[in-house]
Amino acid sequence: MTPNEALITKFYTAFANSDFKTMAECYHPKIHFIDPAFGLLKEEQVSKMWEMLIIRSKGNLKIEFFDVKADEFTGSAKWVAAYNFSKTNRNVINRISAEFVFQDGLIIKHTDNFDVWKWSKQAFGTTGYLLGWTGFFHKKIQEQALLSLKKFQESK
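Residues numbered from 1 in each chain as written. Predicted model: local features only at pLDDT ≥ 70, side-chain atom pairs only at ≥ 80, totals over all residues. Heavy atoms only, no water.

Caption draft 1: Region of the structure containing the sheet that holds strand S1 (residues 27-35). In space, the 6 strands of this open sheet follow the order S2-S1-S6-S5-S4-S3, with mixed pairing throughout. Strand pairing shows two members of the sheet lacking a second neighbour, strand S2 (39-42) and strand S3 (61-70), which therefore form its edges. Recorded for the sheet is a direction-independent mean angle of 20° between the axes of neighbouring strands. Bridge count between S1 and strand S6 (residues 106-113): 4 bridges; the pairing is parallel. Residue pairing across strands places Tyr27 opposite Ile107, the latter belonging to S6. (Pairing = 2+ DSSP bridges. Helix = DSSP H or I, 4+ residues; strand = E, 2+ residues; numbered from the N terminus. Axes fitted to C-alpha atoms, helices over the stretch in contact; angles between N-to-C directions.)

Structure below.
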């Protein structure tokens, strides 16, 4: 296992154990995170997002990861998150592909990709099925996710 494969493993093991503090330790202070739900997050926002998601899951979050690969500069992993979506209390199983860039022995860029339409069908039911593929719906998801994160950060 390369040092960066060990870092990715540490990150997802901490996630599986709801340990957002250890997750944050894996990130470079100048971290950039991108995913379909939140868009681009930077620096402290990234760790706060994971903290918010873990706390709001109330112990109802199952994380599995596999296919971890990394060299000195880049890496990747696949992971699955199973949880109840807080707004609708619907079960979601989200399959995600992650890509990483490393600097100074830490993750400086983390990009998660998943099928938003598949996710929205699970999270929102019929509404997600009918609208989950549209740019309008994607924008609404991102606006709500960012608003939730902002409120969470303000409450801390």
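Let us keep going from here.
Caption draft 2: Expanded view of helix H1 (residues 3-16). Under the 1.5 Å per step criterion, the end-to-end length of H1 is 20 Å for 14 residues, consistent within 8% with the ideal 20 Å. Within H1, burial applies to Asn4, Glu5, Leu7, Ile8, Phe11, Tyr12, Ala14 and Phe15. Ser18 sits one or two positions beyond H1 and adopts a positive phi of about 55°. (Expected span 1.5 Å × (residues − 1). Buried < 20%, exposed > 50% of the residue type's maximum accessible area, 1.4 Å probe, protein only.)

Caption draft 3: Region of interest: helix H6 (residues 135-155). A rise of 1.5 Å per residue sets the reference length of H6, with its 21 residues, at 30 Å; its end C-alpha atoms lie 30 Å apart and thus fit the reference within 8%. Those residues of H6 not exposed but buried are Phe137, Ile141, Ala145, Ser148, Leu149 and Phe152. Down the axis of H6, the buried set is contained in an arc of 105°. They therefore lie on one face. Summarising the geometry of H6, the exposed residues directed more than 90 degrees from the buried face are Gly135, Phe136, Lys139, Lys151 and Glu154. (Arc of directions from axis to C-beta.)

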